[in-house]
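Here is how the chains run, residue by residue.
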Amino acid sequence: MITVGLIGAGYIGPIHLGALARLGGVRVKTVIDVNGELAQKAAAAYNVPNSGMDHREVINDPEIDVIHNCTPNKYHYQITKEALEGGKQVLSEKPLAMDLKEAEELVELAEKKRAITGIDFCYRYYPVVQEMAVRVRRGDAGAVRMVSGSYFQDWLSRETDWTWRLLRSESGESNITADLGSHWFDLIQFVTGLKVEEVIGDLATLIPVRRRPTRQVLAFEKVEEVESEEVKVELEDYSSVLFRLSNGAPGSFTTSQVCAGRKSDTEFQIYGSDCSYAWNHKEATVLWIGHREKANEILIENPTLQDPSTAAYASLPAGHPLGYHDAVMNLFKDYYEAVEGGGKGGELRPTFQTGFEEMKILEAILASHKKRSWVEVKV
Ligand SMILES: NC(=O)c1ccc[n+]([C@@H]2O[C@H](COP(=O)([O-])OP(=O)(O)OC[C@H]3O[C@@H](n4cnc5c(N)ncnc54)[C@H](O)[C@@H]3O)[C@@H](O)[C@H]2O)c1
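This one's a predicted model, so the numbers in the text were calculated from it and none came from an experiment. (Residues numbered from 1 in each chain as written. Predicted model: local features only at pLDDT ≥ 70, side-chain atom pairs only at ≥ 80, totals over all residues. Heavy atoms only, no water.)

**Section: the packing of helix α4 (residues 76-85) against helix α5 (residues 100-112)**
As a reminder of what qualifies: Simply put, an axis is a line fit to the C-alpha atoms, just over the touching stretch for a helix, and the angle between two N-to-C directions goes from 0 to 180 degrees. For the purposes of this entry, the term helix denotes a DSSP run of H or I that reaches at least four residues, the term strand denotes a run of E that reaches at least two, and both are numbered from the N terminus. Orientation labels follow simple angle bins: below 35 degrees gives roughly parallel, above 145 gives roughly antiparallel, 65 to 115 gives roughly perpendicular, and whatever is left gives oblique. Note on convention: the crossing is left-handed when the near helix lies turned anticlockwise from the far helix by less than a right angle, right-handed when the turn is clockwise. The contact criterion used is simple: two residues touch if any of their non-hydrogen atoms lie within 4.5 Å. For this classification, the nonpolar set comprises Ala, Val, Leu, Ile, Met, Phe, Trp, Tyr, Cys and Pro, the charged set comprises Asp, Glu, Lys and Arg, and every other residue, Gly included, is treated as polar.
The contact between α4 and α5 brings their axes to 10 Å, and the two run at 15°. Compared by their axis directions, α4 and α5 come out roughly parallel. Of the two possible hands of crossing, α4 and α5 adopt the one that is left-handed. Mapping the contact onto sequence places Tyr 77, Thr 80, Lys 81, Leu 84 and Glu 85 in α4 and Glu 102, Glu 105, Leu 106, Leu 109 and Ala 110 in α5. Grouping the amino acids of the contact of α4 with α5 by side-chain chemistry returns five nonpolar, one polar and four charged.

Take a look at the structure:
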């Protein structure tokens, strides 16, 4: 039995707890949140025996093997560093850290400690995204010619909408490019097997002044009725990026959280010399395959029709759709396979190295926005 301590019981923490509750061979011993009430509530909801308010309680607990770091970005570096130094394995929320320097340090420390790392880029774990990756990487699309896509949300589309993500001190130098951009660039790098090598970014703050609630609000919480103060927003809520992949193929990506009607709408399209592939989070079980000389195809998530290597991710019989919880669960399955195997198994999972590469893309986008020109992503 692998024993887990989870830190951060806001929006994403309980989603981790739900997935962990469904995994065999794993038990969560303690939930921590600086807001003790939230920690207690989450622990009670998922039958976790202990809760607390200080992350050191789980880091210093010799019974705990794995730490899930579900805190806001600001705490990723410090908590993950302490966990690694304490000999724990760590599954972190994205982004890995606030900046490249912190991310690099975490990768080096994890290597030194031989820790089994994971980072929650869960969208790659939808079964048909895994299927697309197998097909595109083995050349079914031919040469990848171009990639495009977007990620739109509307939960920050009113002046009264608030999140710590808008604060430089809590989030780092970026709000949405770090938050949603990291998911999207993970998706397209994972599926194509190619790297983003060069970028030009254009960022904007479409709502420059907001009402900040005087009490804590969690992600996606509706906050119109609470007492608030006016603040000038420091970080971007819109970001558009042109990029070049390592094979020279061009791409484009736009994201914003102020798009009324768009909830968690991410999609991407891969155009190859032989055919095209597309996926859209709103129809997460559907893989679209586009042809020139014959009718287009739609593959609906199906363990008997998918490649044997991706069938296990489509864990229900065809016609029983999987969702976001299951994508997180699929990632955890791979992560815990690696933990159980002492580093063997779960090879498809994103690691701290993946998180570090995402930070390199982010830094290049931010630098290019400042310079108003193309910037190479550091190797
Ligand atoms: N992978 C995904 O799809 C996904 C989705 C949402 C959020 N996230 C990531 O998860 C992280 C948390 O985001 P969220 O949306 O859950 O935020 P949230 O504000 O809803 O929750 C964060 C929680 O952490 C607690 N907290 C803050 N500092 C702490 C500390 N030092 N020790 C213990 N607890 C602390 C807060 O009290 C709060 O309950 C972010 O880094 C975000 O990018 C990832």
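**Focus on the sheet that holds strand β3 (residues 50-52)**
Backbone-to-backbone hydrogen bonds join strands into a sheet, with any given pair of strands oriented parallel or antiparallel. As a reminder, the rule being used: Strand pairing is assigned whenever DSSP detects at least two bridges linking the two strands.
Taking strand neighbours across the sheet as the criterion, the six strands line up as β3-β2-β1-β4-β5-β6 in an open arrangement whose pairing is parallel. Only two strands of the sheet have a single neighbouring strand rather than two, namely β3 and β6 (117-119). Direction aside, the axes of adjacent strands within the sheet are offset by 20° on average. Relative to β3, strand β2 (residues 26-32) is paired through three bridges, and the arrangement is parallel. Across the sheet, Ile 32 pairs through a bridge with Gly 52, a residue of β3.

**Examining the site of the ligand**
We apply this condition: When we say a residue is near a molecule or strand, we mean one of its heavy atoms is within 4 Å of it. Any pair of nitrogen or oxygen atoms within 3.5 Å is treated as a polar contact; in protein, a donor-acceptor pairing is required on top of that, and neighbouring residues in sequence qualify only through side-chain atoms on both sides. To measure how exposed things are, a 1.4 Å probe is used in the Shrake-Rupley method; for residues, cover is taken only from the protein chains shown.
Taken together, 28 residues sit near the ligand, with Asp 33, Asn 73, Lys 94, Arg 165 and Tyr 324 positioned nearest. Within the backbone of Thr 71, one N or O atom sits 3.4 Å away from an oxygen atom of the ligand. A distance of 2.8 Å separates an oxygen atom of the ligand from a polar side-chain atom of Asn 73. Contact with the protein chains covers 94% of the free accessible surface of the ligand, which is 840 Å². Across the shell around the ligand, the residue classes tally to 15 nonpolar, seven polar and six charged.

**Let's talk about the domain arrangement of the protein**
Quick reminder of the rule: As used throughout, domain bounds are those supplied by an automatic or database domain assignment. In this description, buried area is defined as the sum, over both parts, of the accessible area (probe of 1.4 Å) that is lost when the two are combined. When a carboxyl oxygen of Asp or Glu is within 4 Å of a side-chain nitrogen of Lys or Arg, the pair counts as a salt bridge.
Splitting the protein by domain gives domain 1 (2-121) and domain 2 (123-350 + 357-371). The C-alpha centroid of domain 2 is placed 22 Å from the C-alpha centroid of domain 1. The contact between domain 1 and domain 2 buries some 3,300 Å² in all, and 68% of this surface belongs to carbon and sulfur atoms. Per-residue buried area on domain 1 facing domain 2 is highest for Tyr 11, Ile 116 and Phe 121; these three make up 22% of the total on that side. At the boundary of domain 1 with domain 2, the tally comes to three salt bridges. At the boundary of domain 1 with domain 2, the tally comes to twelve residue pairs in polar contact (both at pLDDT 80 or more). The set of elements that each furnish at least two residues to the side of domain 1 that touches domain 2 consists of β1 (2-7), α1 (12-22), β4 (66-69), β5 (89-92), α5 and β6.

**What about the pairing of strand β8 (residues 196-204)?**
As paired elements, β8 and strand β11 (residues 238-245) share eight bridges and run antiparallel to each other. Across the sheet, residue Ala 204 finds its bridge partner in β11, namely Tyr 238.

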